[in-house]
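# Secondary and tertiary structure notes
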Amino acid sequence: MGGVTKPRGPGWLGKSNLTPALRLALITLVVCGIAFPLLVTAVAQTLFPYQADGELVKLDGRAVGSNLLAQQFTRPIFFQPRNNSASGVDPDITLENALSQAERVSNATGIPLAQLDRLVYENVQGRFLIFGSPYVNVLKLNLLLIQSYPEIYGKYG
Amino acid sequence: MDLSEAFELFLILGSVLISARLLAPYVAGVYTNSRSRLERVFAPLEKLIFRALGVDALRVMGWKEYFLSAVIANAFAMALAFVILMFQNFFPLDPQGFHGLSLGLAFQTVVSFGTNTNLQHYNGESSLSYLSQMGAIQFLQFSSAATGICFGVAMVRGFITGSKGLGNFYSDFVRTITRILLPFSLLSSVALVWLGVPQTISGYASVIGIEGIRQTIPVGPVASLVSIMQIGTNGGGYYGANSAYPLQNPNPATDVLELYLMMLLPTCLIFAFGRLLGKKREARPLLISAYSLYALNLLVAFLAPLPSAQAPGIEVRFGGFLSTFWTVTTTSTMTGSVNASLYAMNPLAILSAFMGMFVQAAPGGVGSGLAYMLMYVLITVFVVGLMSGRTPEYLGLKIGARDLKLLMLAFLIHPLIILVPTILAYVSGAAAAVNAGSGPLGLTAIMYEFASAASNNGSDFLGAAANTQFFNLSTAFVMLIGRYAPLGLLMALSGSMIGRKRFFTTGLDTASFAFSGVLVLSVLVLVVLTFLPFLALGPILSYLRGMVNGFG
């Protein structure tokens, strides 16, 4: 082991090893565990407050949910999220699922099926460049229903 | 997988390879004390830290001192995080008023994050305060990733011509944090927020939904955690459902970014290896075999039909392709985050996941993957030497009997700490207690838990269900041994290379394509022979029985 300096202090578990190791842990805690996430929070809240707060969606100025979290809809006049998925709160449904639900919504509300289908198609998202396949965000779609058909959904608006 | 999906796959991996290659000179420079363009930012900060530590950052250490310093620093880090988790209700930043964790769970959690495993027996959104998510979880994610990279770099230093030692642990650790992990995490955190991941320290949002039902939106300092968990191949998520949870991974764009981030540093470190060595060609066999083994894992996983976007356990926004791609990548890199339920995966994808965690170097976790790949290189050099009747040597260094003992021990610890606890879980009734089931799926879930713990991966079937005394304690010990024992042995091996005589004979060309091929084969033979009987009773039997996933 030519050239290697012998560690200072007596033995491997001497004070010369313990003190800097403890200080290193403390400094890392303060820098990486406290200062870093707070710095990111400050930057995020300044640049992208809407995303940083969880993409809360508003109806008449009142937050009614988040784009990123499934909301339970029980009434047949609304599109409904699926109830089994990996996260349990999948906010999206497939295009086919949305189109198949359109028939029920149409029957329950009297809105012509063709209009609902168009609404669904206009709300397809999920493509990032070439990645991902089309899907529909249930909360966004229902909010659009409320806003487009106030005579039917009046009491929810 | 159709043609456009294959194109997506090549596009993502191509970007990883190109950017890893471009970043390699910078990353290698961090460990040769090269000046960076941001020297004026880094240097004063580091000087301040070294002064506070009271260490001479230029003093070279032997393997024992280097390794022990790392272990002691890790132990202190885990102890600090343990205090935060146990007493989180007495600290600030607990807007939801969560209680402290139980002793067993807190112990398992700090070991899990301190060893870069991130096996989670809790659901973050319903049990951890913001301070715990930051000061315990993110802190240990930085600390363990930096430690892993230090181990990898220190092991390489043993093989560098004229090396006086394995480097200075404190210097390597601090510079890894200041020059690699913090800047990379800052950039990717901001990108993640821009794409939709929350970052706040205000409490959970509470809203009245459209139909009048109250809904809680669990937000928090999520993006800063997700970035380091992917960059540092940690994998432990903010939420119990990890990157399947829409607030942690809101859309295909964040998914692709998170995929990219987990491959970036393990790949970059292979390129950096060649530069540190001063022999760029020598990175070739490591890169070829890491990516061949990873490609093989992908191939096996994609042989089976992909789950549909509507399938249970799959998130609609990712569908079968991105979910399967992620499952293979997260286990080939020892990250362990998931974007779909493992139960939703075809048995062949689970087989790939096992292979990734058994090999641990395709390309493996940050630093540790590099160390394990070097281990395979040395074993292969020895095998080739035996077959050709030559004295085995790597880079002109003779590989002797003591070296081989260390190598075999480092390799054999891994199967031992996976298979023995798996059997113990069944014998003791602990497997039955978590309703693992007795069929191939049950064996898969239990063996996966220990494979994940031993390889410091962190993905699992059981999740919070494994918050039992048996699984908390057994996985904690497996994680500790799996992290420190093999890497300690490899550091001892590398340390013994210092000052060893080099022979410059025209021996085996380890940078050749032929050697790369032999390397891949020898890794496969070693791993498959060791684990085949258990794989046959788990995922392979599930596949032969015609199961399409863990749900049936």
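Residues numbered from 1 in each chain as written. Chains lettered and ligands numbered in written order. Predicted model: local features only at pLDDT ≥ 70, side-chain atom pairs only at ≥ 80, totals over all residues. Heavy atoms only, no water.

## What about the sheet that holds strand β5 (residues 135-137) of chain A?
All names here are of chain A. What the 3 strands build is an open sheet, ordered β3-β5-β4; its pairing is antiparallel. A single partner strand is all that each edge strand has here, and the edge strands are β3 (92-94) and β4 (124-125). Pairing analysis gives 2 bridges linking β4 to β5, with the strands arranged antiparallel. Its bridge partner lying in β5, Val-124 is registered against Val-136. (Pairing = 2+ DSSP bridges. Helix = DSSP H or I, 4+ residues; strand = E, 2+ residues; numbered from the N terminus.)

## Section: the domain arrangement of chain B
For interface size, the figure often reported is the accessible area lost on association. All names here are of chain B. Examined at the domain level, chain B breaks down into domain 1 (3-278) and domain 2 (366-544). For domain 1 versus domain 2, the distance between C-alpha centres works out to 24 Å. Of the residues lining the interface, 51 residues belong to domain 1; the matching set on domain 2 comes to 42 residues. Looking only at domain 1, the three residues that lose the most surface to domain 2 are His-121, Met-155 and Phe-159, adding up to 22% of its buried area. Along the contact surface separating domain 1 from domain 2 lie 0 salt bridges. No other element matches the 11 residues that helix α6 (residues 130-157) contributes to the side of domain 1 that touches domain 2. (Domains from an automatic or database assignment. Contact = heavy atoms within 4.5 Å. Buried area = accessible area lost by both parts, 1.4 Å probe. Salt bridge = Lys/Arg side-chain N within 4 Å of Asp/Glu carboxyl O.)

## Points about the interface of chain B and chain A
Taken together, the contacts link 87 residues of chain B with 81 residues of chain A. Interface of chain B and chain A: buried area, both sides summed, is about 6800 Å²; carbon and sulfur atoms make up 71% of it. For chain B, the biggest contributors to the area lost against chain A are B:Ile210, B:Glu211 and B:Val316; these three give 12% of the whole. Applying the counting rule to chain B against chain A returns 2 salt bridges. For A:Arg75, the salt bridge goes to B:Glu211, with nearest N and O atoms at 3.3 Å. Summed over the shared surface of chain B and chain A, the result is 21 residue pairs in polar contact (both at pLDDT 80 or more). Within the residue set of the side of chain B that touches chain A, elements represented by two or more residues are α1 (3-30), α2 (39-53), α3 (63-86), α6, α7 (169-195), β1 (205-208), β2 (214-217) and α9 (252-277) of chain B. Tallying contributions element by element places α7(B) first for the side of chain B that touches chain A, with 12 residues. (Polar contact = N/O pair within 3.5 Å; in protein donor to acceptor, adjacent residues only side chain to side chain.)

## Describing the packing of aromatic side chains
Considering all chains together, one arrives at 27 aromatic pairs over all chains under this definition. Seen from their ring centres, A:Phe36 and B:Phe142 are 5.3 Å apart, and the 80° between their planes marks the pair as edge-to-face. Highlighted residues: A:Phe36 in helix α1 (residues 15-47) and B:Phe142 in helix α6, drawn from two different chains. An identical accessibility class is assigned to A:Phe36 and B:Phe142; each is buried. Among the aromatic residues, those joined into a cluster by ring pairs are B:Tyr343, B:Phe354, B:Phe358, B:Tyr448, B:Phe461, B:Phe531 and B:Phe551. Across from the ring centre of B:Phe503, 3.2 Å away, lies the NZ or CZ of B:Lys398, which sits over that ring. In this structure, B:Lys501 is placed above the aromatic ring of B:Phe503, and the distance from its NZ or CZ to the ring centre is 4.8 Å. (Phe/Tyr/Trp six-rings, centres within 6.5 Å; stacked < 30°, edge-to-face > 60°. Buried < 20%, exposed > 50% of the residue type's maximum accessible area, 1.4 Å probe, protein only. Lys NZ or Arg CZ within 6 Å of the ring centre and 35° of its normal.)

## Observations concerning the confidence of the model for chain A
Confidence in the prediction for chain A averages 88 pLDDT; 89% of positions are at 70 or higher. Within chain A, helix α2 (residues 49-52) of chain A carries the highest mean pLDDT (97), whereas β4(A) carries the lowest (90). (pLDDT = per-residue confidence, 0-100.)

## Side note on the side chain of B:Glu39
Residues and elements named next belong to chain B. Tracing the backbone shows Glu-39 in helix α2. Looking at Glu-39, the relative accessible area reads 12%, which means it is buried. From its side chain, Glu-39 meets the backbone nitrogen of Ser-36 in a polar contact 2.8 Å long. Discounting residues that sit within four places of it in the chain, Glu-39 has contacts with Ser-34, Pro-44 and Arg-179.

## Thoughts on the pattern of salt bridges
A full pass over the atoms with the stated rule returns 12 salt bridges over all chains. B:Arg179 is paired through a salt bridge with B:Glu46; the nearest N and O atoms lie 2.7 Å apart. One end of the pair, B:Arg179, is in helix α7; the other, B:Glu46, is in helix α2, with 133 residues separating them in the sequence. Accessibility classification places B:Arg179 together with B:Glu46 in one group, the buried group. Salt bridges sharing partners connect three or more residues here, namely A:Arg82, A:Asp90, B:Glu315 and B:Arg317.

## Observations regarding the pairing of strand β1 (residues 56-59) of chain A
Residues and elements named next belong to chain A. Going residue by residue along β1, you find Val-57 and Leu-59 tucked away on one face and Leu-56 and Lys-58 left uncovered on the opposite face. Where β1 meets strand β2 (residues 62-66), 4 bridges bridge the pair, whose relative direction is antiparallel. Opposite Val-57, over in β2, you have Gly-65 as the bridge partner. Here β1 hands over to β2 after 2 residues, with Asp-60 in that stretch at a positive phi of 55°.

## Quick look at the domain arrangement of chain A
Along its sequence, chain A is carved into domain 1 (15-49) and domain 2 (55-156). Distance from the C-alpha centre of domain 1 of chain A to the C-alpha centre of domain 2 of chain A: 41 Å.

## Examining the environment of B:Asp56
Mapped onto the elements of the fold, B:Asp56 is located in the loop between α2 and α3. Counting along the chain gives 383 residues from B:Asp56 to B:Gly439, while the straight-line C-alpha distance between them is 57 Å.

## Regarding helix α5 (residues 138-148) of chain A
Here α5(A) has its buried residues at A:Val138, A:Leu139, A:Leu141, A:Asn142, A:Leu143, A:Leu145 and A:Ile146. Capping the start of α5(A) is the job of one residue whose side-chain oxygen sits 3.1 Å from the backbone nitrogen of A:Leu139: A:Asn137.

## Overview of the side chain of A:Ser87
Summarising the element assignment, A:Ser87 is placed in the loop between β2 and β3. Residue class for A:Ser87 comes out buried when judged on its relative accessible area of 14%. Within the structure, the side chain of A:Ser87 is placed 2.9 Å from the side chain of B:Glu315, a separation counted as a polar contact. For A:Ser87, the residues in contact, after removing those within four places along its chain, are B:Ala241, B:Ala244, B:Tyr245, B:Pro246 and B:Glu315.

## Thoughts on a nonpolar patch on the surface
Residues B:Val83, B:Phe87, B:Phe90 and B:Phe91 make up a contiguous nonpolar surface patch of roughly 400 Å² in combined accessible area. Taking the relative accessible area as the measure of exposure, B:Phe90 reaches 67% and is therefore exposed. (Patch = residues over 30% accessible without salt bridge, like charges linked within 9 Å, V, L, I, M, F, W, Y side chains within 5 Å. Areas by Shrake-Rupley, 256 points an atom, 1.4 Å probe, with all protein chains shown as cover.)

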